[in-house]
Amino acid sequence: MTTEMPTVPEEILSALRKHKRVLVAAHARPDPDAMGSSLAMAWTLRAIGVDALVFNEDGLPPFLRFLTLPGPVLSTPDSLPCEPDLVVCLDCGDRARLGDTLQPLLDRVPTVNIDHHLANPLFGTEANWVEPGMAATGELVAYIAKALSVPLQGALAEALYVAISADTGNFSYGNTTPGAMRLVADMLEDGLNLPKLRDAMENNWSEARLRLWGRIMQKVRILEDGKLAAALITLEDLASCHATREDSEGIVEQLRRLSGVRVALMLREEEKDGKVQVKASLRSSGKDNVQAVAAQFGGGGHRNAAGATIALDAEKALTVMQPYIRFVWNRLQ
Ligand code: AMP
Ligand code: MN
Ligand code: MN
């Protein structure tokens, strides 16, 4: 039996149809789902005659520069040509994740919230569509495009594929639904060039990234009788490899490969307002819930992939997180 396609709420479709100048925004530090779903939403809106612009506080990440854009990706609200009459918020478990600079605009302009995170507080003022059972926000955008009779082809399909592939761990995590696979199958039938796209997605490493991975892998800590693997990435590690924060994307997934590991943790230092803070990324499998750990530190995400930003250096963050991480397996035993 084929599972049914979800029905897009009518208030989402009418909000998208009735506004004329729409700003499409996703969480800061965009991952492929945040940026892919933003670009796909902008393509969809343009196809139905709506003037759509894409905003992201951190701009277009370098690893997605191969995508064809529906226009520039704005990174400061000052660069907007005029006040939008709607902001579409994508892939944001809460409003704060859109970043500090957009918050004043969100106080003034109606918002639509489209997302797949657990515990999303439905912050959209005009409409909300939150489906934690969906693999990616890109999947929700695909259903919206279909509901608006926009074909999933060309640059729109590429943006959707990037979003869905990334959030499903290339179609391997527990969130890989038949619906997500069916969308990709339909896009392939409609001409999506998969080998070309995967080549652009994967074979693009810089030397800095390779060196960083080598350095970090050498000093991964195996803790808790092998149940926890932690990669600490200091500012010094990044600087000495000439690496950027994007160069660390993917390391935490590799730690899950270690046999016996229940929780993989990456702690990457960054500087904010002259102080060191750490971006924590957690990964697990099956029933092991790392979202609960991230939530203890003001973050969130999904059961098997979650994150938080903590105002400590990497070493101290590991010390304070470890007792909560232990809870992941102790709770289940
Ligand atoms: P990451 O570790 O950044 O790849 O994120 C894994 C998952 O956790 C994604 O679904 C993110 O949206 C979510 N996430 C990451 N950082 C945060 C945060 N600071 N607050 C809430 N959710 C987060
Ligand atoms: Mn995301
Ligand atoms: Mn997502």
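The model shown is predicted, which means the values in this text are computed figures rather than measured ones. (Residues numbered from 1 in each chain as written. Chains lettered and ligands numbered in written order. Predicted model: local features only at pLDDT ≥ 70, side-chain atom pairs only at ≥ 80, totals over all residues. Heavy atoms only, no water.)

**A word on the coordination of the manganese ion (ligand 3)**
What counts, and what does not: Sites may look incomplete because water is not among the atoms; the donors themselves are N, O and S atoms within 2.8 Å of the metal, or within 3.2 Å for Na, K and Ca. We count a stretch as a helix when DSSP gives it H or I for four or more residues in a row; a strand needs E for two or more, and each element gets its number in order from the N terminus. Per-residue accessibility, obtained with a 1.4 Å probe over protein chains only, is compared with the maximum for each type, and a residue is labelled buried under 20%, exposed over 50%, and partly exposed between these values.
Note on the manganese ion (ligand 3): its protein donors are Asp-33 (OD), Asp-91 (OD), His-116 (NE2) and Asp-167 (OD). The metal-donor distances range over 2.1 to 2.3 Å. Of note, the donors binding the manganese ion (ligand 3) are all from one chain and are spaced D-x57-D-x24-H-x50-D. The manganese ion (ligand 2) is placed at 3.7 Å from the manganese ion (ligand 3), the two being bridged by Asp-91. Linking Asp-91 in the loop between strand S4 (86-90) and helix H3 (103-108) with Asp-167 in helix H5 (residues 154-167), this pair joins segments that are 76 residues apart in sequence. Taking the relative accessible area as the measure of exposure, Asp-91 reaches 1% and is therefore buried. You can call Asp-167 buried: its relative accessible area is 16%.

**What about the site of ligand 1?**
Defined as follows: Consider each residue's heavy atoms; a residue with any of them within 4 Å of a molecule or strand counts as near. We call two N or O atoms a polar contact when they sit within 3.5 Å, provided that within protein one can donate a hydrogen and the other can accept it, with sequence-adjacent residues counted only if both atoms are side-chain atoms. Here the accessible surface of atoms and residues is derived via Shrake-Rupley with a 1.4 Å probe, and residues count as covered only by protein chains that are part of the display. Residue classes follow a fixed rule: Ala, Val, Leu, Ile, Met, Phe, Trp, Tyr, Cys and Pro count as nonpolar, while Asp, Glu, Lys and Arg count as charged, and any other residue, Gly among them, counts as polar.
The local shell around ligand 1 holds 14 residues, among which Arg-97, His-117, Lys-279, Ser-281 and Arg-283 are the closest. At 2.9 Å from an oxygen atom of ligand 1 is found a side-chain nitrogen or oxygen belonging to His-117. At a separation of 3.3 Å, a nitrogen atom of ligand 1 approaches a polar backbone atom of Gly-300. Across the complex, the protein chains shield 85% of the 480 Å² of accessible surface that ligand 1 would expose by itself. When contributions to the shell around ligand 1 are tallied by element, the ones reaching two or more residues are strand S10 (275-283), strand S11 (300-301) and strand S12 (305-310). Looking at the shell around ligand 1, its residues break down into 3 nonpolar, 8 polar and 3 charged.

**Structural notes on helix H6 (residues 178-189)**
The criterion, for reference: How far a helix is expected to stretch is found by multiplying one less than its residue total by 1.5 Å. The directions considered for the arc run from the helix axis to the C-beta atoms. Two residues form a contact once any of their heavy atoms are found within 4.5 Å.
Taking 1.5 Å of rise per residue, the 12 residues of H6 would be expected to cover 16 Å, and the 16 Å separating its terminal C-alpha atoms lies within 8% of that figure. By the burial criterion, the buried members of H6 are Gly-179, Ala-180, Leu-183, Val-184 and Met-187. On an axial view of H6, the arc spanned by its buried residues comes to 140 degrees, and they lie on one face. Those residues of H6 hidden inside the fold are in contact with helix H4 (137-147) and H5. Note on H6: the residue one or two positions beyond its end, Gly-191, has a positive phi of about 105 degrees.

**A closer look at the packing of aromatic side chains**
The line we're drawing: Pairs were defined over the aromatic rings of Phe, Tyr and Trp, the Trp ring being its six-membered one, requiring ring centres within 6.5 Å. Orientation was assigned from the angle between planes: stacked under 30 degrees, edge-to-face over 60, tilted for the rest. A ring has a charge above it when a Lys NZ or an Arg CZ is no more than 6 Å from the ring centre and no more than 35 degrees off the ring normal.
The full count for this structure, using the stated rule, is 3 aromatic pairs. Both rings, one in Trp-205 and one in Trp-213, keep their centres 4.7 Å apart while their planes meet at 50 degrees; by these two values the pair is tilted. An angle of 85 degrees between the planes, with centres 5.3 Å apart, marks the rings of Phe-297 and Tyr-324 as edge-to-face. Highlighted residues: Phe-297 in the loop between helix H11 (291-296) and S11 and Tyr-324 in helix H12 (residues 314-330), separated in sequence by 27 residues. Taking the ring centre of Trp-205 as reference, the NZ or CZ of Arg-209 above it sits at 4.6 Å.

**Regarding unusual backbone geometry**
Positive phi values are uncommon outside glycine, yet Arg-29 reaches one of about 50 degrees. By the element assignment, Arg-29 lies in the loop between strand S1 (21-26) and helix H2 (32-47). Residue classification places Arg-29 among the partly exposed residues on the basis of a relative accessible area of 36%.

**Observations concerning the coordination of the manganese ion (ligand 2)**
For the manganese ion (ligand 2), the full set of protein donor atoms is His-27 (NE2), Asp-31 (OD), Asp-31 (OD) and Asp-91 (OD), at a range of 2.1 to 2.7 Å. In the primary structure, the donors to the manganese ion (ligand 2) are separated according to the pattern H-x3-D-x59-D.

**Examining the domain arrangement of the chain**
To be explicit about the condition: Just so you know, the domain bounds were taken from an automatic or database domain assignment. Buried area, as used here, totals the accessible surface that two parts lose on assembly, with accessibility defined by a 1.4 Å probe and the loss added over both. Salt bridges are identified by distance alone: a Lys or Arg side-chain nitrogen within 4 Å of an Asp or Glu carboxyl oxygen.
According to the domain assignment, the chain contains domain 1 (10-202) and domain 2 (207-330). Computed over C-alpha atoms, the centres of domain 1 and domain 2 are 26 Å apart. Opposite the 10 residues of domain 1 that make contact, domain 2 presents 10 residues. Between domain 1 and domain 2, roughly 800 Å² of surface is buried when both sides are summed, and carbon and sulfur atoms account for 48% of that area. Where domain 1 meets domain 2, there are 3 salt bridges. We note a salt bridge from Asp-100 to Lys-272, for which the minimum N-O separation is 3.6 Å. Remark: the boundary between domain 1 and domain 2 carries 2 residue pairs in polar contact (both at pLDDT 80 or more).

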